[in-house]
Amino acid sequence: MKKSFMAALSFVLCLAIIGSFLSVGFAEETKITTCGEDCEFYPTIIVPGNGQSSVCVTDDSGNFILDDDGNKIQAFPAYFQIGKIIRRVLFPALASLMLQRDIGLSDALADVIDESFGINACDLNGQVVTNVVTEKFPYPYSKCSDYEKTVINNNIPFNKYPTALPDDHIYYFEYNSMGNHIGFANELYDYIQMVRAQTGHDKVNLVPLSQGASVTSAMLEYRPEIMDQLHKVIFVVPALKGSTLFGDVFTGRVSFLNTDYLYNGFLSDMRLMDESTARLIEILLRILPDEVISASLDKGVRHLMENTMIRSTSMWALVPPEDYPAAAEKYLSSPEMANIKAQTDRYYQAQLHLENNIQALLDKGVQVFDIAEYNYPLINIGERWNEMNGDFILDLSSTSMGAYAANCGETLPEGYEQKNTHCADETHNHISPDRVVDASAGLLPDTTFYFEGQRHDLTQHNSIILKLAMRLIADDEITDVYSSPEFPQFLSGRNVQELLPLLNTAKALQAEGKSNASIDAAAADAQAVLDNNLATGDEVAACEKALREYLVKAGAAEEEKTPKDATTLRNISAYLYENYGTNGFSEMPLLFIRNLIAKCLGVFKG
Ligand SMILES: [Zn+2]
Ligand SMILES: [Zn+2]
């Protein structure tokens, strides 16, 4: 995710998203491709994940609002109007700082959250009513404009991974991650009809990513007749049974509302900034009394939940079935929420029927593949973040349809035998080489691939996941995890976001005759590691480091920023927490004196 810190923080604040759904009729019925009856391919529809569609802010007349660079402003995860925010917060912030009390600061921040995230708020029927427009692509990739191709590639970099599948057979289904979930399931159904009409093919492939899997799962439940029109479904890190992160947030278990955690480790556990930055912010929070910080966070979360999140049926679809009844009781039991609840209850049923619906697909002869990621603890927004294996955003049990796994950093117990819940072949070994995952307990043990140490929101930078998905959509040569030694069941996480441009720089130097032996060798190593699906993430990182070093020496690349040593700031923050708990700076002298007096009294009594 290419997010600024502000965007990341807002994401963190509660994973908001937007709502709007355009009732586009996908009217395009004319045949676009000329592939003919005996075409060897299947048209493939990508159903992207959370925030991977272009949902733009408009004015009251429906015109796009542009930023200073002339780009359409995206409504995900929020619409931050900096000038307005400053005007609303500045005075209460200064007054609260000076008087060390909550002089309207928590209310001002709650207003800012309502205003910014409110761009994604739905009405009490779960429909988008704000000024946003979801851009739609009712034609194949080959017919997309350059702008539209950029939108798609910014989310999923197809252009870096050529496939045999012609680009008039690739479609990208856009939807608003915060919008109406049942509406999207129906739109996806209609979109499939459009693709069939445009291509002349009876059946299509679906590639649902992350949240896109919840839309697909809903469609399979509500419109099961679609199963006859599918050739293959390739789930990529699918949110099929929600996420404990959302389960926690929707049942009121938000970790940072516990100030003992907020002042002692929350920000560094989050892993979205380096530790020295996290510790510095942790210390600076004490510039206000903890009551003010607490009130602001409490109100902020409450406003975000009550005014935006709980009206989004798409957000509800990310709550795991185990948590849904309690969450619905907490937020949807009032009469005014009845229309939302009727819709979220339906999707709860879809979650409960998931295994049956997948089995029905298989019974129809549809090939179903899955790509899951593990050994990356969930982001620590929810209280149960480190209780199960996951990929930073989703639980492994959700993305793998039930695989059994040790927690992150642990291994299955000595002498553990695979459960074989869903694998009948005794010769299969479904335990990961690192002894963390038992894939035989997942619904699709022979067609689910696992990537170790891969972070969910950086999936698009794992070249092997992209290569695997492209192979699966291009032809039917890979039928299971035993088909190709290049794609075994267990693979490694990696991030080639930096390595690819470095390698391009090296190639450019070589073309200009400005390279040297060290760069040539490092570039060759980098290419080899990129071509080797079985290389580990650490090996990729080592090649990147070496290549960068030689390019920096040649003046062709910038040195990597090394994180500052966090020891001093960590010690200061720990000292403050141990001695002053969660109190602000202004409360410290008094406490200090009080402690001193207590100590003296203790001495006298003794
Ligand atoms: Zn065709
Ligand atoms: Zn098996």
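The structure presented is a predicted model; accordingly, all values stated were derived computationally and were not measured.

Draft legend 1. The overall build of the protein, seen in detail. A tally of helices and strands in the protein yields 22 helices and 11 strands. For the protein, whose C-alpha radius of gyration is 26 Å, the value lies close to the compact-globule estimate of 25 Å for 606 residues. Along the first, second and third principal axes, the C-alpha set of the protein runs to 95 × 65 × 55 Å. Sorting the 606 residues of the protein into buried and exposed places 53% on the buried side. Once local pairs closer than 6 in sequence are excluded, the contacts in the protein between residues at least 24 apart make up 75%. Accessible surface, the protein as shown: approximately 26100 Å² in total, 53% of it carbon and sulfur.

Draft legend 2. Expanded view of helix α5 (residues 181–199). A rise of 1.5 Å per residue sets the reference length of α5, with its 19 residues, at 27 Å; its end C-alpha atoms lie 27 Å apart and thus fit the reference within 8%. Taking burial as the measure, the 19 residues of α5 include 14 buried ones, the bulk of the element. At the N-terminal end of α5, a side-chain oxygen is found 3.3 Å from the backbone nitrogen of I182, two or three residues along, and the residue is N180. Immediately beyond the C-terminal end of α5, within one or two residues, lies G200, with a positive phi of roughly 80 degrees.

Draft legend 3. Here's a closer look at the packing of aromatic side chains. According to the stated counting rule, one finds 16 aromatic pairs in the structure shown. Centroid distance Y171 to Y191: 6.1 Å. Interplanar angle 85 degrees. Geometry classified as edge-to-face. Highlighted residues: Y171 in strand β4 (residues 170–172) and Y191 in helix α5, separated in sequence by 20 residues. A relative accessible area of 0% places Y171 in the buried class. Taken together, the aromatic side chains of Y171, F173, Y175, F184 and Y191 make up a single cluster linked through ring pairs. Taking the ring centre of Y141 as reference, the NZ or CZ of K149 above it sits at 5.3 Å. Above the plane of the ring of Y331 lies K330, whose end atom (NZ or CZ) is 5.1 Å from the centre.

Draft legend 4. Summary view of the nonpolar core. Among the nonpolar cores identified, the biggest contains 53 residues, and F250 and W316 are the most heavily contacted of them. For F250, the residues in contact, after removing those within four places along its chain, are M305, M309, I310, M315, W316, V319, A327, K330 and Y331. C39, I46, I464 and L509 belong to the second-largest nonpolar core, a separate cluster that totals 52 residues.

Draft legend 5. The sheet that holds β4, seen in detail. Read from one edge to the other, the open sheet built from 7 strands follows the order β4-β1-β5-β6-β7-β10-β11, with strand pairing classed as parallel. With partners counted over all chains shown, the strands left at the sheet margins are β4 and β11 (490–492), one partner each. With direction set aside, neighbouring strand axes in the sheet form an average angle of 20 degrees. Inspection of the sheet shows strand β1 (residues 44–47) paired to β4 by 3 bridges, in the parallel sense. Across the sheet, T44 pairs through a bridge with I170, a residue of β4.

Rules used in this analysis
- Residues numbered from 1 in each chain as written.
- Chains lettered and ligands numbered in written order.
- Predicted model: local features only at pLDDT ≥ 70, side-chain atom pairs only at ≥ 80, totals over all residues.
- Heavy atoms only, no water.
- Helix = DSSP H or I, 4+ residues; strand = E, 2+ residues; numbered from the N terminus.
- Rg over C-alpha atoms; globule rule 2.2 N^0.38 Å.
- Buried < 20%, exposed > 50% of the residue type's maximum accessible area, 1.4 Å probe, protein only.
- Contact = heavy atoms within 4.5 Å.
- Areas by Shrake-Rupley, 256 points an atom, 1.4 Å probe, with all protein chains shown as cover.
- Expected span 1.5 Å × (residues − 1).
- Polar contact = N/O pair within 3.5 Å; in protein donor to acceptor, adjacent residues only side chain to side chain.
- Phe/Tyr/Trp six-rings, centres within 6.5 Å; stacked < 30°, edge-to-face > 60°.
- Lys NZ or Arg CZ within 6 Å of the ring centre and 35° of its normal.
- Core = buried A, V, L, I, M, F, W, Y, C linked by side-chain atoms within 4.5 Å.
- Pairing = 2+ DSSP bridges.
- Axes fitted to C-alpha atoms, helices over the stretch in contact; angles between N-to-C directions.

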